[in-house]
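Examining the three-dimensional arrangement
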Amino acid sequence: MTTGTRPRTVVVGVDPARTGRLATAWAADEADLRGLPLRLVAALEPAPDTWHATDAARHRARAEARAEALRRAADAVRARHPGLSVSSALLRGAPAVVLAGLAQEAALMVLGSRHLSRTEEFLSAGSLVVPVTAQARCPVAVVGDAEHSTQERPYLVVGIDGSPAAQGALALACEEADLRGCLLRAVAVRQPPLFPTRPEGAWLDGERRLLAEATAGWAEKYPDVTITHEGLAGSPVERLAEAAGHALAVVVGRRGRGGYTGMRVGSVVHGLLHRAHCPVITVPAE
């Protein structure tokens, strides 16, 4: 769990504009499970070269609010996990740029979510989820609501589509399920043909074969993890969100590095970030 001589960390973005307590608590729990240090980060846009006295006062107030949010978050984490290694930093720069940069070396990046609409997301200067998720080289967990599994046995969901990114998602999902001692539901979804010529069960056979091939070998590596296979028909976003309705998290792969705009995450990832109520963990392709 090291990169060179530096220990890898779980990084969580702390936003004073909203509480972010769920994301911070989730990140602390994850760091504790993995035995990794937790780093709390807030970012502050740099001061402009020319400004009025009132602008300087507002900038100082924003800096103080972020510093106070970091202090509160650190105190809450230490109360929750007294033995956890915790550090905090107030960094200068655009929040999305700062966090995307940190996500190049972190073990995991954790962000809170306001469940903005797509229009609000692109128009909001403070939106972090899409640009950070699109550019991160590490897995990114977006925590909008608390973990809320109501099942007798807690479970995770992982989306499988045969891509290299999905294999990365499966690897992380198996590790997460092993750490949490929970069931792992591997789900493959196929959009039904417009004019089906065979019964649904017949054309879903390919999804079932895909799941069997994708998960082969993982049971041996994680003997304590029970992996189930589910081939489903319909919209991948809707069916994965439904499958994860009571999950601890849903894990999906993300292709590419964000495109020329740095804002491309793929339609399934983008849809889940808006649709799923459990934490969404995206894993970039190697």
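Residues numbered from 1 in each chain as written. Predicted model: local features only at pLDDT ≥ 70, side-chain atom pairs only at ≥ 80, totals over all residues. Heavy atoms only, no water.

Quick word on the overall build of the protein
Put simply, the rule is: What counts as a helix is a DSSP run of H or I of at least four residues, what counts as a strand is a run of E of at least two, and both are numbered from the N terminus. Pairs of residues are marked as contacts when any of their non-hydrogen atoms sit within 4.5 Å.
Assigned secondary structure in the protein consists of 11 helices and 12 strands. Look at the contacts in the protein between residues 6 or more apart in sequence, and 80% of them connect residues 24 or more apart.

Overview of the nonpolar core
If you look at soluble globular proteins, the nonpolar side chains tend to sit buried side by side. Under the convention used in this document: Nine residue types can take part in a nonpolar core, namely buried Ala, Val, Leu, Ile, Met, Phe, Trp, Tyr and Cys, and a core is a set of them joined through side-chain atoms within 4.5 Å. Note on exposure labels: buried denotes an accessible area under 20% of the residue type's maximum, exposed denotes more than 50%, and partly exposed covers the range between, all computed with a 1.4 Å probe on protein chains only.
Ranked by internal contacts, the top residues of the largest apolar core, which has 48 residues, are Leu38, Leu40, Val110, Val158 and Leu184. When residues of this core are assigned to their parent elements, the largest contribution, six residues, is made by helix H6 (residues 164-180). Residues within four places of leucine 38 in sequence aside, it is in contact with Val10, Val12, Ala27, Ala28, Ala31, Val77, Leu84, Ser85, Val86 and Ser87. Of all hydrophobic cores here, the second largest spans 40 residues; its members include Leu99, Ala106, Val252 and Ala276.

Describing the pattern of salt bridges
Side-chain pairing between opposite charges can occur once the charged atoms of the two side chains come close. Filter applied, for reference: We define a salt bridge as a contact between a side-chain nitrogen of Lys or Arg and a carboxyl oxygen of Asp or Glu at a distance within 4 Å.
The full count for this structure, using the stated rule, is 11 salt bridges. Glutamate 175 serves as the salt-bridge partner of arginine 34, at 2.8 Å between the closest nitrogen and oxygen. Taken together, the positions of arginine 34 in helix H1 (residues 21-34) and glutamate 175 in helix H6 put the pair 141 residues apart, joining distant regions of the chain. Residue arginine 34 is classed as buried on the basis of its relative accessible area of 13%. Take glutamate 175: its relative accessible area is 27%, and that puts it in the partly exposed class. When the shortest N-O distance is used, the salt bridge between arginine 72 and glutamate 68 registers 3.8 Å. Of this pair, arginine 72 and glutamate 68 are both found in helix H2 (residues 53-80), four residues apart, which corresponds to roughly one turn of the helix. Residue arginine 72 is classed as partly exposed on the basis of its relative accessible area, which comes to 49%. Overall, glutamate 68 belongs to the partly exposed group, its relative accessible area being 31%.

Here's the deal with the packing of aromatic side chains
Short version of the rule: Planes of paired rings set the category: under 30 degrees apart is stacked, over 60 is edge-to-face and the rest tilted, where pairs are Phe, Tyr or Trp rings (Trp by its six-membered ring) whose centres lie within 6.5 Å. We count a charge as sitting over a ring when the NZ of a lysine or the CZ of an arginine lies within 6 Å of the ring centre and within 35 degrees of the ring normal.
A complete count under the given rule lists one aromatic pair for this structure. Taking the centre distance of 6.3 Å and the plane angle of 15 degrees together, the rings of tryptophan 218 and tyrosine 222 count as stacked. Summarising the burial analysis for this pair, tryptophan 218 and tyrosine 222 share the class buried. Of note, arginine 185 hangs over the ring of tyrosine 155, and the distance from its end group to the ring centre comes to 4.7 Å.

Here we look at helix H8 (residues 205-215)
Think of an α-helix as turning once every 3.6 residues; residues three or four places apart then point the same way. The condition is simple: Directions from the helix axis toward the C-beta atoms define the arc.
Within the span of H8, buried status applies to Glu207, Leu210, Leu211, Ala214 and Thr215. Down the axis, H8 shows its buried residues gathered within 110 degrees of arc, on one side only. Structural note: H8 exposes Arg209 and Glu213 on the side pointing more than 90 degrees away from its buried face. Lining the buried residues of H8 we find H6, strand S9 (183-190), helix H9 (218-221) and strand S10 (227-233). Of the residues trailing H8, glycine 217 is marked for its positive phi of about 95 degrees.

What to know about the sheet that holds strand S4 (residues 38-44)
As a reminder of what qualifies: A strand pair is defined by DSSP finding two or more bridges across the two strands. Axes, fitted as lines to C-alpha atoms, cover a helix only where it is in contact. Angles between the N-to-C directions of the axes lie from 0 to 180 degrees.
An order of S5-S4-S3-S6-S7-S12-S11-S8-S9-S10 is seen for the 10 strands of this open sheet, with the pairing classed as mixed. Edge positions in the open sheet fall to strand S5 (86-92) and S10, since each of these has one partner strand only. Strand-to-strand twist of the sheet, defined as the mean angle between neighbouring strand axes without regard to direction, takes the value 25 degrees. The strands touched by H1 are strand S3 (10-13), S4, strand S6 (108-112), strand S7 (140-143) and strand S12 (280-284); relative to S6, the strand with the most contacts, the crossing angle is about 160 degrees. Docked against the sheet, helix H11 (residues 267-275) engages S7, strand S11 (250-254) and S12, running at close to 150 degrees with respect to S11.

Comments concerning the packing of H1 against H6
What counts, and what does not: Throughout, the term roughly parallel applies to angles under 35 degrees, roughly antiparallel to angles over 145, roughly perpendicular to angles from 65 to 115, and oblique to all others. Residues are sorted three ways: Asp, Glu, Lys and Arg are charged, Ala, Val, Leu, Ile, Met, Phe, Trp, Tyr, Cys and Pro are nonpolar, and all the rest, Gly among them, are polar.
Packing of H1 against H6 leaves a shortest axis separation of 10 Å and a crossing angle of 85 degrees. In terms of orientation, H1 lies roughly perpendicular with respect to H6. Mapping the contact onto sequence places Trp26, Glu30, Leu33 and Arg34 in H1 and Leu172, Glu175, Glu176, Leu179 and Arg180 in H6. In the contact of H1 with H6, the residues fall into four nonpolar, no polar and five charged.

So, the pairing of S9
Selection rule: We call a crossover right-handed when, viewed with the strands running away from us, the connection from the first strand over the helix to the second turns clockwise.
Most of S9 is tucked away: seven of the eight residues are buried. Taken together, the five bridges between strand S8 (residues 155-159) and S9 define a ladder with parallel strand orientation. Note that in S9 the partner of glycine 159 across the bridge is valine 187. Since S8 and S9 lie parallel, the crossover through H6 that links them has a hand, and here it is right-handed. Here S9 runs beside S10; their pairing, made up of seven bridges, is parallel. By the bridge assignment for S10, arginine 190 is matched with alanine 233.

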